[in-house]
Amino acid sequence: MADQGKLLLKSQKQNDLEVVLAKRLALVQQRLKENRLDAFIITAAPNRYYISGWLGDFESGWILITLDKVYILTDFRYTEHAISAAKGFEVLEYESSLPTFFGDLSKKLKFTRVGFESHNLSVFNLMRLKKFCLHLKLIPVSHLVEESRLVKDTWEVDQIKKAVEIADKAFEHILNFVKTGMAEKEISWEMEKFMREQGAEKMAWDPFIVATGPHASMAHWAAGDTKIKKGDMVLVDYGCVVNGYHSDTSRVFFVGKPSEEQKKIYNLVFEAQKLGISLIEQGRSAYLVDQKVRSLLETKTKHFYRHSLGHGVGLEVHELPRLSVNAKNKLQEGQVLTVEPGIYIPGWGGVRLEDIVVVTKNGPQILTEAPKDIDFLIV
């Protein structure tokens, strides 16, 4: 009876996901109508997964969406997998090349206007498409699917939560693991190994940022051979993937009692991040959130961050929307994004604190629970 219950639960979850996928597809098909397209080619791997539920790799094929039907165009290496994973999609297997195959298919289906992901399709494949598709008009369309991905459904938020929970455990683990004399890359590897053991399918990127001492002034320093020593402040930026969805966290820990200068800079970033999170609200302009945090920091230091305050997180570790002074969008309920102010002082080091936040009707919902209180960050 217990096993039967598990099967019923799994079946229910699959049914729920199929309903979600059907809604996503309908939204994209509506955008085809708005753009007067007969069909749309999806080449970006995250978008293929978002629409079909098939987690193929970067070279596994294209998805073709028409107003009333959907196809996966792939080769023999992926045919069986695509058939089993993408319910409701007709899987068409090609042998020569995708542009050649699509040229013949588009004639058969009598297309005249076909959109493609202009931000993703390579120039090489575009030129080949043009060669074999002289009979139709190819329309460049950027971020058509990404616009649907801006707002996460409950299933997506649940996957991001799972990835965040694993990452939170990894940080607590590393605080108990680190010892003076360890190299940055040893710490990075231990975090990766731990997250894989906890169920992560892969890391959000490679390599993690583990920046000790002055290395932390470089926002994207990669873990190297430098060994940590007493008195160091170490910046770590890490994340993992669960069911295709990413987490992304930045934290700092101290090797021994922090100096007054280290505490001052850390607490300033902590204050800035609390302000930024408090401003996450449905309908608020994204640029305004970043602007207010910068305004706070620029009265205290000239070394405040020059990257955006935050970015969307989901099927990609960096995706829309942006919290940036150049952003023109307003925050929407269901968006999932980071808030990550930083101070970077050349030759001294840096601090960045990054949490993942969901925009809700009632304000920000913080998913990240890794500790930020200095008393818990001394190793």
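Preceding this paragraph is the structure being described.
Residues numbered from 1 in each chain as written. Predicted model: local features only at pLDDT ≥ 70, side-chain atom pairs only at ≥ 80, totals over all residues. Heavy atoms only, no water.

Visitor: I keep staring at the overall build of the chain and nothing clicks. Help me out?
Guide: Across its full length, the chain holds 10 helices and 19 strands. Taking 21 Å as the expected radius of gyration for a compact globule of 379 residues, we find that the chain reaches 23 Å, a close match to that expectation. By the burial criterion, 54% of the 379 residues in the chain qualify as buried. A sequence separation of at least 24 residues applies to 66% of the contacts in the chain between residues at least 6 apart. Per element, the accessible surface of the chain, about 18100 Å² overall, is 52% carbon and sulfur. (Helix = DSSP H or I, 4+ residues; strand = E, 2+ residues; numbered from the N terminus. Rg over C-alpha atoms; globule rule 2.2 N^0.38 Å. Buried < 20%, exposed > 50% of the residue type's maximum accessible area, 1.4 Å probe, protein only. Contact = heavy atoms within 4.5 Å. Areas by Shrake-Rupley, 256 points an atom, 1.4 Å probe, with all protein chains shown as cover.)

Visitor: Help me out: how do you make sense of the environment of Y266 in this one?
Guide: Of note, Y266 is situated in helix α9 (residues 260-278). With 48 residues separating them along the chain, Y266 and M218 place their C-alpha atoms 16 Å apart. Every residue in contact with Y266, bar those within four places of it in the chain, is listed here: V252, F254, V351, L353, K372, I374 and L377.

Visitor: Even after reading the chapter, I still don't get the pairing of strand β2 (residues 62-66), so can you show me in this structure?
Guide: A large share of β2 lies buried, amounting to five of its five residues. Residues W62, L64 and T66 point to one face of β2 and I63 and I65 to the other, with burial holding for every one of them. Both strand β1 (residues 39-42) and β2 contribute to a ladder of four bridges, which runs antiparallel. Looking at the pairing, I41 lines up with L64 of β2. Sheet topology places β2 next to strand β3 (residues 70-74); four bridges connect them, and they run antiparallel. Across the sheet, I65 pairs through a bridge with V70, a residue of β3. Adjacent in sequence and paired antiparallel, β2 and β3 are bridged by three residues. (Pairing = 2+ DSSP bridges.)

Visitor: Any chance you could explain the nonpolar core here in plain terms?
Guide: A general feature of soluble globular proteins is that nonpolar side chains tend to end up buried together. By size, the foremost hydrophobic cluster in this structure holds 64 residues, and its most contacted members are F171, M195, Y238, F253, Y266, I280 and L323. Every residue in contact with L323, bar those within four places of it in the chain, is listed here: I280, A286, V289, D290, S308, L309, G310, L331, L337, T338 and V339. Core analysis: the next-biggest nonpolar cluster, separate from the first, contains 33 residues, L25, Y49, L144 and V145 among them. (Core = buried A, V, L, I, M, F, W, Y, C linked by side-chain atoms within 4.5 Å.)

Visitor: What am I meant to see in the sheet that holds β2 here?
Guide: Picture the strands of a sheet paired through backbone hydrogen bonds; they go either parallel or antiparallel. Taken in spatial order, the six strands make up an open sheet running β4-β3-β2-β1-β5-β6, and their pairing is mixed. Edge positions in the sheet fall to β4 (90-93) and β6 (137-141), since each has one partner strand and no second. When the angles between neighbouring strand axes are averaged without regard to direction, this sheet yields 25°. Two elements, β1 and strand β5 (residues 113-117), share three bridges in a ladder whose sense is parallel. Bridge pairing in β5 places F40 opposite G115. The sheet contacts of helix α2 (residues 45-52) involve β1, β2 and β5, and relative to β2 the element is tilted by about 50°. In the packing of helix α4 (residues 98-108) onto the sheet, the strands contacted are β1, β2, β3, β4 and β5, and the crossing angle to β2 comes to about 20°. (Axes fitted to C-alpha atoms, helices over the stretch in contact; angles between N-to-C directions.)

Visitor: In this structure, what is going on with empty space enclosed by the protein? I would like to understand it.
Guide: The method is simple in principle: a probe with the dimensions of a water molecule rolls over the atoms, and the space it marks as empty is what remains. Applying the stated criterion to the full structure yields one cavity of 30 Å³ or more. Volume-wise, the largest cavity comes out at about 50 Å³. Contributing to the lining of the largest cavity are L17, L21, R24, Y49, Y50, G53, W155 and Y245. Counting residues per element, the lining of the largest cavity draws most heavily on helix α1 (residues 2-34), at three residues. Looking at the lining of the largest cavity residue by residue, the class counts come to six nonpolar, one polar and one charged. (1 Å grid on protein atoms, 1.4 Å probe; cavity = no way out; pocket = protein on both sides within 12 Å on 5 of 7 lines; lining within 4 Å. Points joined across faces, edges and corners; volume = space filled by probe spheres on them. Nonpolar A, V, L, I, M, F, W, Y, C, P; charged D, E, K, R; others polar.)

Visitor: Even after reading the chapter, I still don't get the environment of I374, so can you show me in this structure?
Guide: Among the structural elements, I374 can be located in the segment after β19 (363-366). Taking the relative accessible area as the measure of exposure, I374 reaches 11% and is therefore buried. Residues I374 and N267, spaced 107 residues apart in sequence, show a C-alpha to C-alpha distance of 8.7 Å. Sequence-distant contacts of I374, defined by excluding residues within four places in its chain, comprise F254, P258, K263, Y266 and N267.

Visitor: Looking at this structure, I do not really get the sheet that holds strand β9 (residues 233-238). What am I missing?
Guide: With respect to topology, three strands assemble into an open sheet ordered β8-β9-β12, the strand pairing being antiparallel. Single-partner strands in this sheet number two, and they are β8 (209-212) and β12 (249-254). Each adjacent strand pair in this sheet contributes to an overall mean axis angle of 15°, direction not counted. Sheet strands in contact with helix α7 (residues 154-177) are β9 and β12, and its direction is about 15° off that of β12.

Visitor: Is there a simple way to explain unusual backbone geometry in this structure?
Guide: Leaving glycine out, the prevailing phi sign among residues is negative, and the prevailing peptide bond configuration is trans. Omega for the peptide link from D206 to P207 comes to 0°, which places this bond in the cis form. Checked against the element boundaries, P207 lands in the loop between β7 (202-203) and β8. Backbone torsion omega between L320 and P321 reads 5°, so that peptide bond is classified as cis. With respect to the helices and strands, the residue P321 is situated in strand β14 (residues 319-323).

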